[in-house]
Amino acid sequence: MVFTPVTHVLFDMDGLILDTEKLYTVAFQNIVSRYGNEFTFEMKLKLMGTQAHEAAQMLITALDLPMTVDEFITETKEQFQILFPDTGLMPGAKRLIEHFHKQNIPIGLATSSSEEGYHLKVDKHHTDLFSLFPHKTFGSSDPEVKRGKPYPDIFLVAAAKFLDSPKPEQCLVFEDAINGVKAARAAGMQVVMVPDPRMDRSLTKEATLVIDSLENFQPQLFGLPPFE
């Protein structure tokens, strides 16, 4: 398979760099279980990559929860304060980010997380790694990101932060979520997907490349410097 060479790289964060998706599941389940509901994997797939208020509204509507969006978000923040500080890294993430940094490949972070949530997940253990990203876009708190994934806003905003303003086709996106893949494709970018192993592979067809782990990524496929 032949791919188009790229010059810039954008990374999602949750479930791709950080092993946080299982923590979101725990947090949401802790809330909805009080009303006799279950936060299923199918629901999770629909919410992944969306902005915080969008996810809250979708879940409240789907489960008919007697809560407002603000109330739901407040409760999730209380859960996150407990769960997020000791978040671990996903396999291959550190090696790949450090490789691009060493090779002077422009990289940016494009996460649907809020800036507050980012610091909860990163500040205790991962500040050195994330300091390698000169540009960070937080979808749930950046006013320029009008719509969450699957809309392309976050990736277009993130790409615009690079000093040389690359064209969309010059950017490669790394994602784990269906909504993230759709957003990257809508932005005109190629996207490497690392899906949850439970995901039906028929749902990954829009991705340019699907791999089981970032450990398996070969940069040279997209014209980027290979690992030494």
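Quick caveat, the model's predicted, so the values are computed rather than measured.

What counts, and at which threshold
- Residues numbered from 1 in each chain as written.
- Predicted model: local features only at pLDDT ≥ 70, side-chain atom pairs only at ≥ 80, totals over all residues.
- Heavy atoms only, no water.
- Salt bridge = Lys/Arg side-chain N within 4 Å of Asp/Glu carboxyl O.
- Helix = DSSP H or I, 4+ residues; strand = E, 2+ residues; numbered from the N terminus.
- Buried < 20%, exposed > 50% of the residue type's maximum accessible area, 1.4 Å probe, protein only.
- Domains from an automatic or database assignment.
- Contact = heavy atoms within 4.5 Å.
- Buried area = accessible area lost by both parts, 1.4 Å probe.
- Polar contact = N/O pair within 3.5 Å; in protein donor to acceptor, adjacent residues only side chain to side chain.
- Nonpolar A, V, L, I, M, F, W, Y, C, P; charged D, E, K, R; others polar.
- Phe/Tyr/Trp six-rings, centres within 6.5 Å; stacked < 30°, edge-to-face > 60°.

Q: What should I look at first to understand the pattern of salt bridges in this one?
A: In a structure, side chains of opposite charge can pair up when their charged atoms sit close to one another. As enumerated under the stated definition, the model contains 15 salt bridges in all. Put simply, Asp86 and Lys124 hold a salt bridge, and the shortest N to O gap is 2.9 Å. Highlighted residues: Asp86 in the loop between α4 (69-83) and α5 (93-102) and Lys124 in the loop between α6 (115-122) and α7 (127-130), separated in sequence by 38 residues. The exposure class of Lys124 is exposed, given its relative accessible area of 53%. Lys102 serves as the salt-bridge partner of Glu228, at 3.3 Å between the closest nitrogen and oxygen. Here Lys102 lies in helix α5 and Glu228 lies in the segment after β6 (209-210), a separation of 126 residues in the sequence. When sorted by exposure, Glu228 lands in the same class as Lys102, which is exposed. One network of salt bridges, in which partners are shared, links Asp12, Lys149 and Glu175.

Q: Can you help me understand the domain arrangement of the protein chain in this one?
A: A common way to report how large an interface is uses the accessible area buried once the components associate. Here the protein chain is partitioned into domain 1 (8-18 + 87-222) and domain 2 (20-84). Using only C-alpha atoms to locate each centre, domain 1 and domain 2 end up separated by 22 Å. At the interface, 22 residues of domain 1 touch 20 residues of domain 2. With both chains or domains summed, domain 1 and domain 2 bury close to 1,700 Å², and 52% of this area falls on carbon and sulfur atoms. Here domain 1 and domain 2 share one salt bridge between them. A salt bridge links Glu116 to Lys77; its shortest N-O distance comes to 3.4 Å. On inspection of domain 1 and its partner domain 2, the count reaches twelve residue pairs in polar contact (both at pLDDT 80 or more). Tallied by class, residues from the side of domain 1 that touches domain 2 come to six nonpolar, seven polar and nine charged.

Q: Help me understand the packing of aromatic side chains, please; the structure alone is not making it clear to me.
A: The description of two aromatic rings rests on the distance between their centres and on the angle between their planes. Going through the model one piece at a time under the given rule, you end up with 16 aromatic pairs. A centroid spacing of 5.0 Å and a plane angle of 55° characterise the contact between Tyr118 and Phe138, whose relative ring orientation is tilted. With Tyr118 in helix α6 and Phe138 in strand β3 (residues 135-138), the pair connects residues that are 20 residues apart, well separated along the chain. Take Tyr118 and Phe138: they sit in the same class, and that class is buried.

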